[in-house]
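Residue-level listing of the chains:
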Amino acid sequence: MQVIEAIRKSKDMVLSLEITPPNKGTSIDELFQTMDILMPFKPQFVNVTYHQPQVVYEEIDDIIYRIPKRKKPGTVGICASIANRYQIETVPHFICGGFSKYETEDALIDLHYLGIENLLALRGDPAMGERNFIPHRDGHRHASELIAQITSMNQGTYLEELDYATPTNFCIGVAGYPEKHFESPNFEKDMLNLKHKIDNGGHYVITQMFFDFEVYKAFVEKAREIGITVPIIPGIKPLSTMRQLASIPRYFHVSIPNDFVEAMEGARTKEQVRKAGLAKTTELCRKLIDFGVPGLHVYTMGKGGATGALLQELFG
Ligand code: FAD
């Protein structure tokens, strides 16, 4: 089922979980263990992230080779495997970075043949070792361009003129940033870019993680004001360690409000820190549910424990 259809049909909200493929060479078993912990909470969708290949330069016999290394391969394989094992819809993340438009088209055809109906369309992070995002020479610079290509295929228009081309049927999710995307000069401009993604065919928004209900509320209000009418699903990261208080703002360019920080800093043991972080995350989710959000999207980062404890508090 498409995410947008599930949102329309559901009386309550939809629950999606985001997981990251294991590092190359690592068994998928750990991922299954995480899924086993989380499946009792009946998620409707599992999102699987995609990461640009890392490019390394290796000198072999005096010749320098440019070698692409996929640090986290297998997004599509993991989607198929999880869909098979748990009978659940999977949502592969689909990025601009590293792909030409033709490679994008071929990858979309593969997903269509596999029966995958949902995608989260993203520009993607800069490649490993790069400071800025560098698009493929024949690829897309912004997610909005990728979304336009997917929408064209949904209308049966491929890059080359094809007789009897079959339209694809992808439901397209897009990313939104309640605290603005870190590269954007200001919130207004970032919101207009978000609107552009929806105008090009995005069906719903999943937000970057945030920790303040008012930030989400203001984001939704601004979106509605500029004509974005699609569902906006909040992205939730359960906080459970002191280390996250520094690492999450650094990596994700988001802020953690004082009430979260004080509750966690006031705890004495690791277990108390975990309880305090999860209690604040639960409080945030309850406010969102009372507000009538269309869903919750939980960033598990492959760890079932904290997500499981949060979902137990909310729905157990
Ligand atoms: P865009 O929408 O293209 O925006 C990127 C920047 O460009 C923004 O500052 C925007 O304001 C600006 N911009 C957009 N259009 C224009 C324009 N026409 N002219 C000028 N500026 C413009 N990354 C991964 O690599 N893999 C993943 O699996 C992944 N999953 C994610 C899941 C979610 C829910 C979220 C919120 C993020 C995820 N990311 C992932 C991170 C994401 O790829 C990065 O945040 C990336 O830097 C931006 O992606 P985007 O799709 O929002 O880009």
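Residues numbered from 1 in each chain as written. Predicted model: local features only at pLDDT ≥ 70, side-chain atom pairs only at ≥ 80, totals over all residues. Heavy atoms only, no water.

(A) Region of the structure containing the overall build of the chain. Scanning the chain from terminus to terminus reveals 11 helices and 10 strands. A globule of 316 residues ought to have a C-alpha radius of gyration of about 20 Å, and the chain, at 20 Å, matches this closely. Overall, the C-alpha framework of the chain stretches about 60 × 55 × 45 Å when taken along its three principal axes. Within the chain, the fraction of its 316 residues that count as buried is 49%. When contacts within the chain are restricted to residue pairs at least 6 apart in sequence, long-range pairs at least 24 apart make up 75% of them. Of the accessible surface of the chain, which amounts to about 16300 Å², a share of 49% is contributed by carbon and sulfur atoms. Across the chain, the mean location of the 34 positive side-chain charges is 6 Å away from that of the 39 negative side-chain charges. (Helix = DSSP H or I, 4+ residues; strand = E, 2+ residues; numbered from the N terminus. Rg over C-alpha atoms; globule rule 2.2 N^0.38 Å. Buried < 20%, exposed > 50% of the residue type's maximum accessible area, 1.4 Å probe, protein only. Contact = heavy atoms within 4.5 Å. Areas by Shrake-Rupley, 256 points an atom, 1.4 Å probe, with all protein chains shown as cover. Lys, Arg positive; Asp, Glu negative; His and termini not counted. Charge placed at Lys NZ, Arg CZ, Asp CG, Glu CD.)

(B) Broad picture of the packing of helix 7 (residues 213-225) against helix 10 (residues 270-291). It is the contact of helix 7 with helix 10, at a shortest axis distance of 10 Å, that shows an interaxial angle of 30°. Taken together, the axis directions place helix 7 and helix 10 in an arrangement best described as roughly parallel. Contacts from Phe213, Tyr216 and Lys217 of helix 7 reach helix 10 at Leu284, Lys287, Leu288 and Phe291. Here the residues of the contact of helix 7 with helix 10 sort into 5 nonpolar, no polar and 2 charged. (Axes fitted to C-alpha atoms, helices over the stretch in contact; angles between N-to-C directions. Parallel < 35°, antiparallel > 145°, perpendicular 65-115°, else oblique. Nonpolar A, V, L, I, M, F, W, Y, C, P; charged D, E, K, R; others polar.)

(C) Inspection of the pattern of salt bridges at higher detail. The tally for this structure, following the rule as stated, stands at 8 salt bridges. Salt-bridge contacts for Arg123 lead to Glu183; the nearest nitrogen and oxygen are separated by 2.8 Å. With Arg123 in the loop between strand 6 (118-122) and helix 5 (143-154) and Glu183 in the loop between strand 7 (171-176) and helix 6 (187-199), the pair connects residues that are 60 residues apart, well separated along the chain. Judged by its relative accessible area of 16%, Arg123 is buried. The salt bridge partner of Lys222 is Glu225, with a shortest N-O separation of 3.4 Å. One end of the pair is Lys222 and the other is Glu225, both in helix 7 and 3 residues apart, which spans about a single turn. By relative accessible area, which is 61% here, Glu225 ends up exposed. What you see here is one network of salt bridges that share partners, running through Glu188, Lys222 and Glu225. (Salt bridge = Lys/Arg side-chain N within 4 Å of Asp/Glu carboxyl O.)

(D) Layout of the site of the ligand. Taken together, 22 residues lie around the ligand, and Tyr50, Tyr177, His181, Asp190 and Lys197 are the ones closest in. Separating a nitrogen atom of the ligand from a backbone N or O atom of Tyr50 is a distance of 2.7 Å. Interatomic distance of 3.1 Å between a backbone N/O atom of Gly124 and an oxygen atom of the ligand. Compared with its free state, where it exposes 980 Å², the ligand has 87% of that area covered by protein. Going through the elements one at a time, strand 6, helix 6 and strand 8 (204-209) are the ones with two or more residues in the shell around the ligand. Ranked by the residues each element gives to the shell around the ligand, the list is headed by helix 6, at 3 residues. Residues that form the shell around the ligand fall into these classes: 8 nonpolar, 8 polar and 6 charged. (Near = heavy atom within 4 Å. Polar contact = N/O pair within 3.5 Å; in protein donor to acceptor, adjacent residues only side chain to side chain.)

(E) The arrangement of the side chain of Lys280 in detail. Along the chain, Lys280 turns up in helix 10. Here Lys280 is in contact with Asp259, Phe260 and Ala263, once residues within four sequence places are set aside.

(F) Layout of helix 7. Taking 1.5 Å per residue, 13 residues should reach 18 Å; helix 7 reaches 18 Å between its end C-alpha atoms and fits that length. Every buried residue belonging to helix 7 is among Phe213, Tyr216, Phe219, Val220, Lys222 and Ala223, and all of these are buried. The inward-facing, buried residues of helix 7 abut strand 7, helix 6, strand 8, strand 9 (232-236) and helix 10. N-cap assignment for helix 7: the residue whose side-chain oxygen lies 2.9 Å from the backbone N of Glu214 is Asp212. (Expected span 1.5 Å × (residues − 1).)

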